[in-house]
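Here are the chains, one letter per residue:
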Amino acid sequence: MHFPSARRSSRSRPFLGVSSLGVPSLGVPSLRRRASDAVELMDDPDCDPVKLASTYANFRFVNGVVSGWRGMYRRDIRPLLSSTRESTLLDVGCGGGDVARALARWAARDGLRLRITAVDPDARAHAYAMSLPPLPGLTFRRALSSDLVAERRRFDVVVSNHVLHHLTGEQLGGLLADSERLAAHRVLHADIERSRFAYLGFGLGTWPLFRRSFIRDDGLTSIRRSFTAAELREVVPPGWQVTREHPSRLVLRRVVPTGPASAGLASAVSASAGSVLADTVPARVSFPVKSDRRNGHSRPEREPERVHVHERGQANDSGARVRDVIVVGGGPVGILLAGLLAVRGVDVEVVEQRAKPSLRSRAIGIHPPSLRALEQLGVAEEVLARAVRIRGGVVRSDGRTLGRLAFTETVDRMQSVISLPQFETEAVLRARFAELAPGRLRGGVTVTGVSERGGRVAVETAKTVETAKPGGTHGTVEGIGTGGTGEGGVSAGETLEARYVVAADGARSLVRDLLGIRCTARTGGETYLMSDYPDTGEHLGEAVLFFERGGVVESFPLPGGRRRWVAMTPTLQADATSDDLAALIRARTGTQLPPTTAEASAFSVQQRLATRLVAGRVVLIGDAAHQISPIGGQGMNLGWLDALQLAPALERALRDPEAASGVLGDYDRRRRRSARMAARQADFNMAMGGPVQGLRLRARNGLVRALAAPPASAVLARAFTMRWL
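What counts, and where the lines are drawn
Residues numbered from 1 in each chain as written. Predicted model: local features only at pLDDT ≥ 70, side-chain atom pairs only at ≥ 80, totals over all residues. Heavy atoms only, no water. pLDDT = per-residue confidence, 0-100. Contact = heavy atoms within 4.5 Å. Phe/Tyr/Trp six-rings, centres within 6.5 Å; stacked < 30°, edge-to-face > 60°. Helix = DSSP H or I, 4+ residues; strand = E, 2+ residues; numbered from the N terminus. Buried < 20%, exposed > 50% of the residue type's maximum accessible area, 1.4 Å probe, protein only. Core = buried A, V, L, I, M, F, W, Y, C linked by side-chain atoms within 4.5 Å. Salt bridge = Lys/Arg side-chain N within 4 Å of Asp/Glu carboxyl O.

1. Comments concerning the confidence of the model for the protein
Per-residue confidence for the protein gives a mean pLDDT of 77; residues scoring 70 or more make up 73%. Low pLDDT, under 50, characterises residues 259–313; the predicted model gives this stretch 128 contacts beyond four residues in sequence or across chains. In the predicted structure, residues 468–492 sits below a pLDDT of 50 and forms 82 contacts with residues beyond four places in sequence or in another chain.

The following block contains the structure:
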């Protein structure tokens, strides 16, 4: 979006310049506060028209790198579109139209019907956009958002790119108020986040480029004008969510619940603001919002009444409530999915076999894509506060270091690799779900049958009878395994109904078995022994892999001064103790571990993939869909990525029944493909960690050295942090 200005302020000059040697200098201005009075060169009505045209032309390259619209299209927009019904999208402040054109091309390539209206009040931007070859379904207008409100227009999706940093307080209120009036389903306002990382990265990355345009100077000015995530969260009204996305991007989202209409708070706050381009400049933004520091989100003084996808009180023939979605399994994957659905206004309920959460420490690693899912739920900051950050990994063999792998160090905490025991992560997820949907988690309930009844799914349940459970081992480290007929028998239960059912009931999923879905076995059978010990302080913040002759030994930091140790064993050692594991580790690596009170756990790796993830109105997710080796921390994270894609797909299926088959089929294809990729990586991990001798040992160590050196190390780091899944 571009704003007219008589002349450029002297404060807008970038501090990152060029030294006498022709090298960009690294001086960075103070970024503690927004430079809201700085003015961009291209906003000057008398600026060089040749440079201005070059700037518009180059926006598509810059935005292609820094704006992240390809990912937002896949996650937020595409699930709302249909190949048979036309959807509408409004791009506010479209500038030269590069984002609108990209969205139009992607939708056309996917065979989806999307009509886009792109508006900008700047005559120069509009003229440039109109000079480009037309695209089917894309219309450009010289207009304000308030013009469309006055015309009583409505769009399925409202978006903007790099508009927020241009806005004063009243203008921001006007944009949010207009967006609430214009959007039928979703709003996405993407912008830069102000940070040293963004300023230095953009300044250095564009230094030799775009010399005949305003890209570099105006980009640095834009960063100085931009919000931080905390600043934006403080000022947006309830119903708006701020998420941070790499690299240095903010996305301001609003998912519009359907049902009884209610006036939005932003509309009340800024009804008189009119348009995005109001000329008035108030002293500061002020909305009646209470900040909730615990989860990093701004929340209203009183929670608004939740409106669900379907009308309230809808019941079956017997008068019982029919939910939108029932999630079977309240482990970390099931409860995260339920929370993501609840955030979207879906009427969701969770049934869980366990009466009480397990306190066993299974999965511990949380990767950057999973933090994105936790951020959407509003719990990422709390999880980060509890966790310990893993800075990288080191590989050793025979007392020598073969190589190091550094995970990206960035000011964006959402790009971290962190470690937190699963039971602590579950506690955070359960607490958040209880806030979003009080009383919707039923513990101690075993599912005994699942059957479709027309447009609904009936779930037969029984009360779980808890009995003493012998200590010892589990078949998998990360799978909850909530499926089955209970630990010691069941008593009479009830029948629940929902429009969709999600099986998140673990590797031994009863729902999957009831549906007759088979699992194809991949490699597996390797056995391991693990336990937690006090941290000796030798490898602070690093994961350590010992590739030894007798088999791999792995070590990962945990919060509270502890460390997880895992060793490959020749057989499943179900009766082994933590002392036995410590002795094995000492014999292989020479590391002397302190005594521990933690119990050792033995497990055997099994890798399986369900032949299909969707059966009518029942969907598989997490370990019920795919069982992956926990070596490398993929199991829970892969399930969370399932949830990140399934939540918008189910929302779309509920809103648009005609599109249900397509969006759920897309989920099936994409998640099965990701599971196969993760399984191949797990195969590689286990093969590299197997016992070897002689020439094979030297060859493996040579391969490790090669992979740990650039440029292979960057690719390997991306793979091990699951950024490609």
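There's plenty left to go through after this.
2. Let's talk about the packing of aromatic side chains
Across all of its chains, the model carries three aromatic pairs by this definition. Consider the rings of Tyr 528 and Phe 603, whose centres lie 5.4 Å apart with planes at 15 degrees: the pair is stacked. In this pair, Tyr 528 is assigned in strand β23 (residues 527–534) and Phe 603 in strand β27 (residues 601–604), connecting sequence segments 75 residues apart. Pairing Phe 546 with Trp 565 gives two aromatic rings, centres 6.0 Å apart and planes at 20 degrees, and the pair type is stacked. One end of the pair, Phe 546, is in strand β24 (residues 542–548); the other, Trp 565, is in strand β26 (residues 562–569), and 19 residues separate them in sequence. Of the two residues, Phe 546 and Trp 565, both sit in the buried class.

3. Focus on helix α12 (residues 368–377)
Within an α-helix, residues lying three or four positions from one another point in the same direction, as the helix has 3.6 residues per turn. Most of α12 is tucked away, with nine of its ten residues classed as buried. Within α12, the full set of buried residues consists of Pro 368, Pro 369, Ser 370, Leu 371, Ala 373, Leu 374, Glu 375, Gln 376 and Leu 377. Immediately downstream of α12, the backbone of Gly 378 shows phi near 90 degrees, a positive value.

4. Overview of the nonpolar core
Val 325 and Leu 374 are the most contacted members of the largest nonpolar core, which has 72 residues in total. Once you skip the residues sitting within four places of it in the chain, Val 325 turns out to touch Leu 341, Val 346, Asp 347, Val 348, Glu 349, Ala 498, Tyr 500, Val 502, Leu 650 and Leu 654. One finds Leu 81, Leu 89, Ala 107 and Ala 118 within the second-largest nonpolar core, a separate group that totals 27 residues.

5. Things to note about the pattern of salt bridges
In a structure, side chains of opposite charge can pair up when their charged atoms sit close to one another. In this structure the tally under the stated criterion is 38 salt bridges. Between Glu 231 and Arg 194 there is a salt bridge, with the nearest N and O atoms lying 2.8 Å from each other. You can see Glu 231 sitting in helix α9 (residues 229–235) and its partner Arg 194 sitting in the loop between β5 (183–192) and α7 (196–206), a full 37 residues away along the chain. Here Asp 532 and Arg 564 are joined by a salt bridge, their closest N and O atoms 2.4 Å apart. Remark: Arg 564 occurs in strand β26 and Asp 532 occurs in strand β23; sequence separation between them is 32 residues. Overall, the relative accessible area of 13% leaves Asp 532 in the buried class. Look at Arg 564 and you get buried, because its relative accessible area is 4%. Ionic contacts of the salt-bridge type, sharing partners, join the residues Arg 321, Arg 323, Asp 347, Glu 349, Arg 440, Arg 442 and Glu 494 into one network.

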